[in-house]
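# Report on the structure
The residues making up each chain are set out below.
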Amino acid sequence: PSDVPRRRGPRTRRMLARALPSPPSPGRGAPLDESEVRASVSAWIDGLRVGDESSLDELMRRYFEQLADAASRRLPPGMRATYDGEDAALSAFHSMCAGVRDGRFPDLRSREELWSLLLVIASRKSGKHRRSESALKRGEGRRVDADAAGPIVAPEPTPDFAALVAEETEHL
């Protein structure tokens, strides 16, 4: 599937690790050591596989804000009024959950793999939306201010139109 990251060599993984934001820290509450964080995220991923909604809640609590921030930075400012980082993050979580549930990510085990997958999906969703909005049939990304464009329907007919209607009614 298109949401599955390609396998990469060690050099590429190191380069990506420096370029990508790091996975979110454990968050509120008592600090967890690294093994507890890994175990909890792995358990939540396993919970997603069997449809446990509390696992999704925990993953959303842990990753959503940082994913929305990362996705927002990839969108042009003018587009954020119609599609923002939160939209991309929600869509990425939806796709990730569907993929985990459908068995498309059998090797997904760690928080690093989950974070990388979420970033890839959100980035692709943002790019697809950006391409769609800048398509020729959509006005190439231009936005029209409805107030500046004026009313679409005038309150009264124009004099020319009124004369034309009067002429046509006389012929009937």
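Residues numbered from 1 in each chain as written. Predicted model: local features only at pLDDT ≥ 70, side-chain atom pairs only at ≥ 80, totals over all residues. Heavy atoms only, no water.

## Details of the pattern of salt bridges
- In total, this model carries 6 salt bridges according to the counting rule given.
- The partner of Arg-104 in a salt bridge is Asp-102, and the shortest N-O contact between them spans 3.9 Å.
- Residue Glu-112 is joined to Arg-111 by a salt bridge in which the shortest nitrogen-to-oxygen separation is 3.5 Å.
- Overall, the relative accessible area of 12% leaves Arg-111 in the buried class.
- Overlapping salt bridges, with partners in common, bring together Asp-46, Arg-49 and Arg-109 in one network. (Salt bridge = Lys/Arg side-chain N within 4 Å of Asp/Glu carboxyl O. Buried < 20%, exposed > 50% of the residue type's maximum accessible area, 1.4 Å probe, protein only.)

## As for the packing of helix H3 (residues 53-73) against helix H4 (residues 85-101)
- One way to put it is that H3 packs onto H4 with a least axis distance of 8 Å and a crossing angle of 135°. By the angle between their directions, the pair H3 and H4 is classed as oblique. Viewed along their axes, H3 and H4 form a crossing whose handedness is right-handed. On the side of H3, the interface is formed by Leu-56, Leu-59, Met-60, Tyr-63, Phe-64, Leu-67, Ala-68, Ala-71 and Ser-72, while H4 contributes Gly-85, Glu-86, Ala-88, Ala-89, Leu-90, Ala-92, Phe-93 and Cys-97.
- Classifying every residue of the contact of H3 with H4 by side-chain character gives 14 nonpolar, 2 polar and 1 charged. (Axes fitted to C-alpha atoms, helices over the stretch in contact; angles between N-to-C directions. Helix = DSSP H or I, 4+ residues; strand = E, 2+ residues; numbered from the N terminus. Parallel < 35°, antiparallel > 145°, perpendicular 65-115°, else oblique. Left-handed = near helix turned anticlockwise from the far one by under 90°. Contact = heavy atoms within 4.5 Å. Nonpolar A, V, L, I, M, F, W, Y, C, P; charged D, E, K, R; others polar.)

## Looking at a positive patch on the surface
- The grouping of Arg-73, Arg-74, Lys-128, Arg-130 and Arg-131 at the surface amounts to a positive patch.
- Considering each element in turn, the positive patch owes the most residues, 3 residues, to helix H5 (residues 111-133).
- Overall, Arg-130 belongs to the partly exposed group, its relative accessible area being 31%. (Patch = residues over 30% accessible without salt bridge, like charges linked within 9 Å, V, L, I, M, F, W, Y side chains within 5 Å. Areas by Shrake-Rupley, 256 points an atom, 1.4 Å probe, with all protein chains shown as cover. Lys, Arg positive; Asp, Glu negative; His and termini not counted. Charge placed at Lys NZ, Arg CZ, Asp CG, Glu CD.)

## Observations concerning the packing of aromatic side chains
- The full count for this structure, using the stated rule, is 2 aromatic pairs.
- Ring geometry for Tyr-63 and Trp-115: centres 5.8 Å apart, planes at 25°, overall stacked. Remark: Trp-115 occurs in helix H5 and Tyr-63 occurs in helix H3; sequence separation between them is 52 residues. When sorted by exposure, Tyr-63 lands in the same class as Trp-115, which is buried. (Phe/Tyr/Trp six-rings, centres within 6.5 Å; stacked < 30°, edge-to-face > 60°.)

## Focus on H4
- Between its terminal C-alpha atoms H4 stretches 24 Å, which fits the 24 Å expected from 17 residues at 1.5 Å a residue.
- Considered for burial, the residues of H4 that qualify are Gly-85, Ala-88, Ala-89, Ala-92, Phe-93, Ser-95, Met-96, Cys-97, Ala-98, Gly-99 and Val-100. (Expected span 1.5 Å × (residues − 1).)

## Thoughts on a negative patch on the surface
- Judged by side-chain charge, Glu-65, Asp-69, Glu-86 and Asp-87 come together as a negatively charged surface patch.
- If you list the elements that add at least two residues to the negative patch, you get H3 and H4.
- On the basis of relative accessible area, Asp-69 is assigned to the partly exposed category, the value being 45%.

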